[in-house]
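A look at the structure
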Amino acid sequence: MFETLVNAFKTKEIRIKIWATLAMILVYRIGCYIPVPTLNSAVLSTLLSGNDFLSLLSTITGGSLQNATLFSLGILPFINAFIIMQLLTLVVPALERMSKEGDEGRRKMTQITRFVAIALAIIQAIGIVVGLKSAIRPIFGFETAEAPALTMTLTIIILVGGSIMVMWLSERITEYGIGNGTSIIIFIGILATAGTMMAESFKMVGEEWTYIWNIIGFILIVILIFVFIVFMDGAERRITVQYAKQVKGNKMYGGQTTYIPIRVNGSGVMPIIFASSLIMFPQMIITLFFSTTPAAAWYAQYMGTGTPVYYVFLALFILFFSYFYAMIQFNPEDVSKNIQQYGGFIPGIRPGKPTSDFLKKINNRITLFGAFFYMILALVPTFIFQALSADGALRFYNAFSATGLLIVVSVALELNKQLESQIMMKHYKGFLK
């Protein structure tokens, strides 16, 4: 990876993209430190410390929510909007046709997704302001502490504006930078929160040396998880394709053997991000709008973060989104048609529908294996981290959950691959010149 970075900086176009990405990340992190004048960060931090869900939400935003800053909502509204639009594309014929209209259709879908994200940001901002009303600090002289209506309205506008700014930054990173802007922003947020929590944990070790073994155990588990993720990221099933010899004019084409690689981790980090976001959405609504109702207490006890039902639904959502993303990325019918069009065939499989059925069966098996990999990684190490946290005295398990580790490693590997592909394309262009 370090060699890839060195080679990337030697290429002017890629170097500009890297600096552009770093500049936009810097803008994002600056926004994570700009306080919202209408929110009391000390009160908000106290309220969040007793709520597992809001603490998790603050972790994704890089601690912005806990510190009551401009980017408190983060990128989560845009992710939820993207999930909703992807699901609606499967059931609404008009959206399905729009998604297949090429660049123009994708632009329309993106614009609709933005509007949905803004609507979700408004709902989430209203929920934070209403649900955490005790953290509101009236700034208008004629308002009372009991009814700061104008202050609450201003807070909602600031939070929604910050979310729109984060959404804009993620799109600019995707357009002008070196990778997927949404993934990079989540990546930076988790790393920022993890660094803070690790510093607090090491401070606890300085005060109580019995925690040193917990830290050592945690570091060893993290290294093993890193190795496991990197190993699985490179795993793939190669399907042999043989091309028959064809004579066109005075030249002979084909007669070669190649393969179709189907990766176990082909969907990258998106299934686990989508699963985590979707399972947090109803809990977010209940926590923010109905926190004092019996329904909220029942949900927190039986379906909230850390409950067995929560982990069951997380596993099911990971399974669903793994197949959902595999269906979007790999179309067996199209691959079968392309193979047949260029005179190719899979040894032992007849061209046409038998080939597409064979590819579909293989892809479903690989996707199932990858989904189980996500499930194991998202669930099993979480319990180990909680056991090493010394009954909550060490807080690293909140940020360095298995989900967080998977996101961090997967985004890092994806960035490395994109840099390698851009370097290779640059070399090809230089060769053609």
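Residues numbered from 1 in each chain as written. Predicted model: local features only at pLDDT ≥ 70, side-chain atom pairs only at ≥ 80, totals over all residues. Heavy atoms only, no water.

Comments concerning unusual backbone geometry
Located in the positive-phi region is Ala68, a residue other than glycine, with phi close to 55°. Structurally, the position occupied by Ala68 is in the loop between helix 4 (52-60) and helix 5 (76-91). A relative accessible area of 1% means that Ala68 is categorised as buried. (Helix = DSSP H or I, 4+ residues; strand = E, 2+ residues; numbered from the N terminus. Buried < 20%, exposed > 50% of the residue type's maximum accessible area, 1.4 Å probe, protein only.)

Some points on the side chain of Glu171
Note on placement: Glu171 falls in helix 8 (residues 149-176). Judged by relative accessible area, Glu171 falls into the buried class, the value being 16%. In this view, Glu171 contacts Phe78, Thr110 and Arg114; residues no more than four positions away in its chain are not counted. (Contact = heavy atoms within 4.5 Å.)

So, the nonpolar core
Of all hydrophobic cores here, the largest spans 101 residues; its most connected members are Tyr28, Ile239, Ile260, Ile273, Phe274, Leu314 and Ile318. Discounting residues that sit within four places of it in the chain, Ile318 has contacts with Pro271, Ile272, Ala275, Ala371, Tyr374, Met375 and Ala378. (Core = buried A, V, L, I, M, F, W, Y, C linked by side-chain atoms within 4.5 Å.)

Here we look at the sheet that holds strand 5 (residues 344-345)
One open sheet accounts for three strands, arranged 4-1-5; its pairing is antiparallel. A strand with exactly one partner marks an edge of an open sheet, and here the two such strands are strand 4 (257-263) and strand 5. Across two bridges, strand 1 (residues 236-243) lies against strand 5 in antiparallel orientation. The partner of Gln242 across the bridge, within strand 5, is Phe345. (Pairing = 2+ DSSP bridges.)

Looking at the pairing of strand 1
For strand 1 and strand 4, the ladder comprises seven bridges, and the chain directions are antiparallel. Among the inter-strand pairings, Arg237 is bridged to a residue of strand 4, identified as Ile262.

Regarding the confidence of the model for the protein chain
Per-residue pLDDT for the protein chain has a mean of 77; in total, 82% of the residues score no lower than 70. Per-residue pLDDT, averaged within each element of the protein chain, yields its smallest value for helix 16 (residues 396-399) (54) and its largest for helix 8 (89). (pLDDT = per-residue confidence, 0-100.)

What to know about the pattern of salt bridges
Scanning all chains against the criterion turns up five salt bridges. The residue Arg114 makes a salt bridge to Glu171 at a minimum N-O spacing of 2.9 Å. Of this pair, Arg114 sits in helix 7 (residues 102-131) while Glu171 sits in helix 8; the two residues are 57 residues apart in sequence, bridging distant segments of the chain. A salt bridge links Arg238 to Glu236; its shortest N-O distance comes to 2.8 Å. (Salt bridge = Lys/Arg side-chain N within 4 Å of Asp/Glu carboxyl O.)

Considering helix 5
A rise of 1.5 Å per residue sets the reference length of helix 5, with its 16 residues, at 22 Å; its end C-alpha atoms lie 23 Å apart and thus fit the reference within 8%. For helix 5, the set of buried residues is Leu76, Pro77, Phe78, Ile79, Asn80, Ala81, Ile83, Met85, Gln86 and Thr89. (Expected span 1.5 Å × (residues − 1).)

Description of empty space enclosed by the protein
Tallied over the full model, the rule gives one cavity of 30 Å³ or more. One number sums up the size of the largest cavity: a volume of about 40 Å³. In terms of lining, the largest cavity is formed by Gly74, Ile75, Pro77, Phe78, Ala117, Ile118, Ala121, Ser163, Ile164 and Met167. Put simply, the parts of the chain that give the lining of the largest cavity at least two residues each are helix 5, helix 7 and helix 8. (1 Å grid on protein atoms, 1.4 Å probe; cavity = no way out; pocket = protein on both sides within 12 Å on 5 of 7 lines; lining within 4 Å. Points joined across faces, edges and corners; volume = space filled by probe spheres on them.)

So, the layout of surface pockets
Looking at the largest pocket, its volume works out to about 1,600 Å³. Forming the boundary of the largest pocket are 48 residues, of which Phe82, Gln86, Arg106, Tyr325 and Ile328 lie nearest the centre. The greatest single-element share of the lining of the largest pocket, amounting to seven residues, is contributed by helix 5.

Structural notes on the packing of aromatic side chains
Counting across every chain of the model gives five aromatic pairs. Residues Phe313 and Phe317 carry aromatic rings whose centres are separated by 6.2 Å and whose planes lie at 40° to one another, so their mutual orientation is tilted. Residue Phe313 and its partner Phe317 are both found in helix 13 (residues 308-329); the two are separated by four residues, about one turn of the helix. Each member of the aromatic cluster is reached from another via a ring pair, and the members are Phe320, Phe321 and Phe324. (Phe/Tyr/Trp six-rings, centres within 6.5 Å; stacked < 30°, edge-to-face > 60°.)

Things to note about the environment of Met197
Checked against the element boundaries, Met197 lands in helix 9 (residues 181-207). Along the backbone, Met197 and Thr59 are 138 residues apart, and their C-alpha atoms lie at a distance of 9.9 Å.

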